[in-house]
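Working through the structure, step by step
Okay, here's what each chain looks like letter by letter:
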Amino acid sequence: MSRIDARFAALKAEGRAALVTFITAGDPDPATSLKVLQGLPGAGADVIEIGMPFTDPMADGPAIQAAGLRALQGGQTMKKTLTLIRTFRRGDKTTPIVLMGYYNPIYVYGVEKFLKDARAAGVDGLIVVDLPPEEDDELCLPALAAGINFIRLATPTTDEKRAAAVFRNTSGFVYYVSVLGVTGSKVPDLKSVAANVRRLKGHTDLPIAVGFGVKSAEQARAIARVADGVVVGSALVTALAESLTKQGKATAKTPGMVHRVVADIARGVRSVKA
Amino acid sequence: MSDSLPNSYRTGPNERGLFGIYGGRFVAETLMPLILELEQAYRAAKADPAFQAEMDGFLEHYVGRPSPLYYAERLTQHLGGARIYLKREDLNHTGAHKINNVMGQILLARRMGKTRIIAETGAGQHGVATATACARFGLKCVVYMGEVDIERQKPNVFRMKLLGAEVVPAKSGSRTLKDALNEALRDWVSNVEDTFYCIGTVAGPAPYPEMVRDFQCIIGNETRRQMLKQEGRLPDSLVAAIGGGSNAIGLFHPFLDDKGVEIYGVEAAGLGLKTKTKHAASITGGKPGVLHGNRTYLLMDDDGQIIEGHSISAGLDYPGIGPEHAWLNDIGRVNYVSATDREALKAFELLCRLEGIIPALEPSHALAHAMKIAPKKPKDHLMVVNLSGRGDKDIFTVADILGVKL
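Residues numbered from 1 in each chain as written. Chains lettered and ligands numbered in written order. Predicted model: local features only at pLDDT ≥ 70, side-chain atom pairs only at ≥ 80, totals over all residues. Heavy atoms only, no water.

To continue, consider the overall build of chain B. A tally of regular secondary structure across chain B gives 16 helices and 14 strands. For 406 residues, the compact-globule estimate of 2.2 N^0.38 gives 22 Å, and the C-alpha radius of gyration of chain B, at 20 Å, lies within 12% of that figure. Over its C-alpha atoms, taken along the principal directions, chain B stretches across nearly 55 × 50 × 45 Å. Put simply, of all contacts in chain B between residues at least 6 apart along the chain, 73% involve residues at least 24 apart. A total of about 14,300 Å² of accessible surface is found on chain B, and carbon and sulfur atoms cover 51% of it. (Helix = DSSP H or I, 4+ residues; strand = E, 2+ residues; numbered from the N terminus. Rg over C-alpha atoms; globule rule 2.2 N^0.38 Å. Contact = heavy atoms within 4.5 Å. Areas by Shrake-Rupley, 256 points an atom, 1.4 Å probe, with all protein chains shown as cover.)

Printed below as a string of structure tokens:
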């Protein structure tokens, strides 16, 4: 059982949904990023997604694009991202970590070496936006063989025909992208989210977490009623951006501002009991 | 790289959209149903004689095809070697080869019932061609263009607006062509119902590299017929410039199985390959990676971050290249070489003076390579250079470099 499976099982027993939080590795610098990361579980994050910065994030909106560019300007590399996780793991053995991003930096690092180093650093799962089921040979199958969960994105365009392909070779949880668009762009329509989650449940026993566009405790509460997890990304990255100096440098209040938003949304998620 | 050489070089891609290891469908799940639907629609159209007939009609009467295969007598004399022919894609409506592909995709979009067309553009040539076809068919047209390019290519921005297109600045990343492509993909993800993405080159997820190639193959098919008629035999060599590589693959593909035909793809070496970052030569100066839906040669750093290309020609500074070119390079069928800004500029000036033709800066790179190799060829050697576009759009850039104030 992976850390991800264990965490979702424990929360199910508790009768509540998971709060899945997203931050970009190295945003805006490695030291601040580590402080932000280390405070997430205490603020209420149940699962942590860490973005691997990429110059050309084609599925991301302006907030996460900017976070990636800040990190790259701060000198972030794949090696440093894995170091960040290794350092975090020294103080936290149980919170699941999912690396999220695009394939090219992994491909260039080398798939086998990446899986070995990621596993050693304490990575539990991967979400790679530009690897649909059609490209499973690239990373998905090797990751599963290496004992790392491969988490798939399901979308409103994932119709009955595609659902079987999307859920084959996937594990950990399913990330349901609630809007047709890029991250952080639109507010999800709760009725259609509920209907789609119910529909997808017919195809998989995996927990379903819902993301893209979740900004407030109120929205989080509503989604926690119909899904197994709520993903919050752009709202955290935006809070982080607002704490920076005009030159984009971190300030003393940067970690705290992110953690406050996490705590607020966690209250929304935790207020719903099955 | 490949196990054995194929019997034919013209059968790709396979059912996974791969040319060897290149190509594929590296897109977000949201787009998967769309590109599969597009592929199906394209297969059906390709097999439908009515689609081909409609296409042929527009290519003849609207685009102005066939374009001439012109014997460049004075250039030939000047270089003193091979007989040089120019394939005059610059004489097409909108002034470049881009319209060949756009007509095909727009007719396909109409067949699919799509009402909104999006496109990316770098120098603006593909944007102008797309805006033109959309005006002709009354379709809504949105063109994404990097903020930096909008500033550099004002005349084309105004042309697109005259034609009724909305030009949206791409403000992310390096604010050039690759970012315009990212923005177009983001738009497509957000508007999947009514929108058709008209990609301008032989890149992107399958089926784009194959589909755009097929639409551009009219260049090579005509060249073949014309050369047989004018010289009674096939050419000995072909030369074309490569950014994404659509004009080149269009000329090359119909000749790939003619083993005796030497083929040269000319990348933009910018300020020189030694500069590492001041060029746009993805094959000769890059390495394999995954971007914009396909695996191919890319310009990037050691950590897999994409580097902005540089070239005097805005149409060549894309940091990638079509996946079929990547494969043709690895199996050795096509020779990929490069020409610098300076060499291209020299070729540009030479063609103006010797032939009374102002070429675009893109094909000036192909001319620059022809100037290098033609003098060493025998006088009966037949060389075709793809003159993919006219140079009117580049006169400001050239004037600037020559220190002339317009």
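Before going further, it helps to spend a moment on the side chain of B:Asn156. Residues and elements named next belong to chain B. Among the secondary structure elements, Asn156 is positioned in helix α7 (residues 154-162). A distance of 2.5 Å separates a polar atom in the side chain of Asn156 from a polar atom in the side chain of Arg159. Excluding residues within four positions of it along the chain, Asn156 makes contact with Ala123, Gly124, Gln125, Val128 and Lys393. (Polar contact = N/O pair within 3.5 Å; in protein donor to acceptor, adjacent residues only side chain to side chain.)

Listed by partner, the interface residues are 36 residues for chain B and 37 residues for chain A. A:Asp56 is the salt-bridge partner of B:Lys178, the closest N and O atoms lying 2.9 Å from each other. Between chain B and chain A we count 16 residue pairs in polar contact (both at pLDDT 80 or more) in total. Elements with a minimum of two residues in the side of chain B that touches chain A: β2 (22-26), α1 (32-46), α8 (177-190), β11 (287-291) and β12 (293-298) of chain B. Counting residues per element, the side of chain B that touches chain A draws most heavily on α8(B), which supplies eight residues. Tallied by class, residues from the side of chain B that touches chain A come to 16 nonpolar, 10 polar and 10 charged. (Salt bridge = Lys/Arg side-chain N within 4 Å of Asp/Glu carboxyl O. Nonpolar A, V, L, I, M, F, W, Y, C, P; charged D, E, K, R; others polar.)

When the pLDDT values of chain B are averaged, the result is 96; 99% of them are 70 or greater. The ipTM value of the predicted complex is 0.95, and its pTM value is 0.96. (pLDDT = per-residue confidence, 0-100.)

Counting residues in hydrophobic clusters, the biggest one holds 91 residues, and the most contacted among them are A:Phe173, A:Tyr175, B:Leu108 and B:Tyr197. Those residues in contact with B:Tyr197 that lie beyond four places of it in its chain are B:Gln105, B:Ile118, B:Ala119, B:Glu120, B:Leu181, B:Ala184, B:Leu185, B:Trp188 and B:Tyr208. Of all hydrophobic cores here, the second largest spans 68 residues; its members include A:Leu139, A:Ala143, A:Tyr176 and A:Ala227. (Core = buried A, V, L, I, M, F, W, Y, C linked by side-chain atoms within 4.5 Å. Buried < 20%, exposed > 50% of the residue type's maximum accessible area, 1.4 Å probe, protein only.)

Residues and elements named next belong to chain A. Along helix α6 (residues 111-121), the positions that sit buried rather than exposed are Val111, Phe114, Leu115, Asp117, Ala118 and Ala121. In this structure, the buried side of α6 is in contact with α4 (78-91), β3 (97-101), α5 (103-109), β4 (125-128) and α7 (140-145). Looking one or two residues past α6, Gly122 carries a phi angle of roughly 105°, positive in sign.

Before going further, it helps to spend a moment on the sheet that holds strand β4 (residues 83-88) of chain B. Residues and elements named next belong to chain B. Spatial ordering of the open sheet is given by β3-β4-β14-β9-β10-β13, a layout of six strands whose pairing is mixed. The open sheet has two free edges, formed respectively by β3 (69-71) and β13 (335-340), since each of these has just one partner strand. Averaged over all pairs of adjacent strands, the angle between strand axes in this sheet comes to 30°, irrespective of strand direction. Strand direction decides the pairing type here: strand β10 (residues 262-270) and β13, joined by six bridges, are parallel. Within β13, the residue paired with Glu267 across the bridge is Ser338. In this fold helix α14 (residues 341-355) packs onto β3, β4, β10, β13 and β14 (382-387), with an angle of close to 85° to the strand it touches most, β13. Of the strands in this sheet, β4, β9 (237-242), β10, β13 and β14 are in contact with helix α15 (residues 361-373), which crosses β14 at around 160°. (Pairing = 2+ DSSP bridges. Axes fitted to C-alpha atoms, helices over the stretch in contact; angles between N-to-C directions.)

So, on to the pattern of salt bridges. Residue and element names in this part refer to chain B. Scanning the entire structure with this criterion turns up 49 salt bridges over all chains. The partner of Arg43 in a salt bridge is Glu210, with the nearest N and O atoms 3.0 Å apart. Of the two residues, Arg43 is situated in helix α1 and Glu210 in helix α9 (residues 208-216); the sequence distance between them amounts to 167 residues. Under the relative-accessibility criterion, Glu210 is labelled buried at 7%. Between Lys154 and Glu151 there is a salt bridge, and its shortest N-O distance comes to 3.0 Å.

This next bit is on a nonpolar patch on the surface. All names here are of chain B. Taken together, the side chains of Ile358, Ile395, Phe396, Ile401, Leu402, Val404 and Leu406 present a nonpolar region at the surface, about 660 Å² in accessible area. In this fold, Leu406 is placed in the segment after α16 (395-402). Looking at Leu406, the relative accessible area reads 68%, which means it is exposed. (Patch = residues over 30% accessible without salt bridge, like charges linked within 9 Å, V, L, I, M, F, W, Y side chains within 5 Å.)

This part takes up the pairing of β14(B). Burial analysis of β14(B) places six of its six residues in the buried class, which makes it a mostly covered element. Across the two faces of β14(B) the burial is the same, with B:Leu382, B:Val384 and B:Asn386 and B:Met383, B:Val385 and B:Leu387 all buried.

Turning our attention to unusual backbone geometry. At the junction of A:Asp27 and A:Pro28, the peptide bond is cis and its omega measures out at -5° in the coordinates. By the element assignment, A:Pro28 lies in the loop between β1 (18-24) and α2 (30-43). For the peptide bond that leads from B:Arg65 to B:Pro66, omega is 0°, which places it in the cis range. Examined against the element boundaries, B:Pro66 turns out to sit in the loop between α2 (49-63) and β3. The backbone phi angle of B:Lys276 is positive, close to 70°, even though this residue is not glycine. Within the secondary structure, B:Lys276 sits in the loop between β10 and α12 (282-285). A residue is classified by how much of its surface remains accessible, and B:Lys276, at 68% relative accessible area, is exposed. In this structure, B:His292 takes a positive phi of about 50° despite not being glycine. Residue position: B:His292 is located in the loop between β11 and β12. Note on B:His292: relative accessible area 4%, which makes it buried.

A few words now on the packing of aromatic side chains. One pass over the structure, following the stated rule, counts 14 aromatic pairs over all chains. On the basis of an interplanar angle of 75° and a centroid distance of 5.7 Å, the ring pair of B:Tyr42 and B:Phe215 is categorised as edge-to-face. Placement of the pair is B:Tyr42 in helix α1 and B:Phe215 in helix α9, with a sequence separation of 173 residues. Look at B:Tyr71 and B:Tyr85: their rings are 5.4 Å apart centre to centre, the planes differ by 45°, and that puts the pair in the tilted class. Taken together, the residues B:Tyr71 in strand β3 and B:Tyr85 in strand β4 connect sequence positions 14 residues apart. Exposure remark for B:Tyr71: the relative accessible area of 23% places this residue in the partly exposed category. Taken together, A:Tyr103, A:Tyr107 and B:Phe26 form an aromatic cluster joined through their ring pairs. (Phe/Tyr/Trp six-rings, centres within 6.5 Å; stacked < 30°, edge-to-face > 60°.)

So, on to the sheet that holds strand β7 (residues 166-170) of chain B. Residue and element names in this part refer to chain B. The strand order β7-β6-β5-β8 describes an open sheet built from four strands, whose pairing is parallel. Here the strands that pair on one side only, and so sit at the sheet edges, are β7 and β8 (195-197). The average undirected angle you get between the axes of adjacent strands in this sheet is 25°. As defined by bridge partners, strand β5 (residues 116-121) adjoins β8 across three bridges and the pair is classed as parallel. The residue bridging Ile117 from the neighbouring strand is Phe196, located in β8. Each of β5, β6 (140-146), β7 and β8 is contacted by α8, which is oriented at about 160° to β5, the strand it contacts most.

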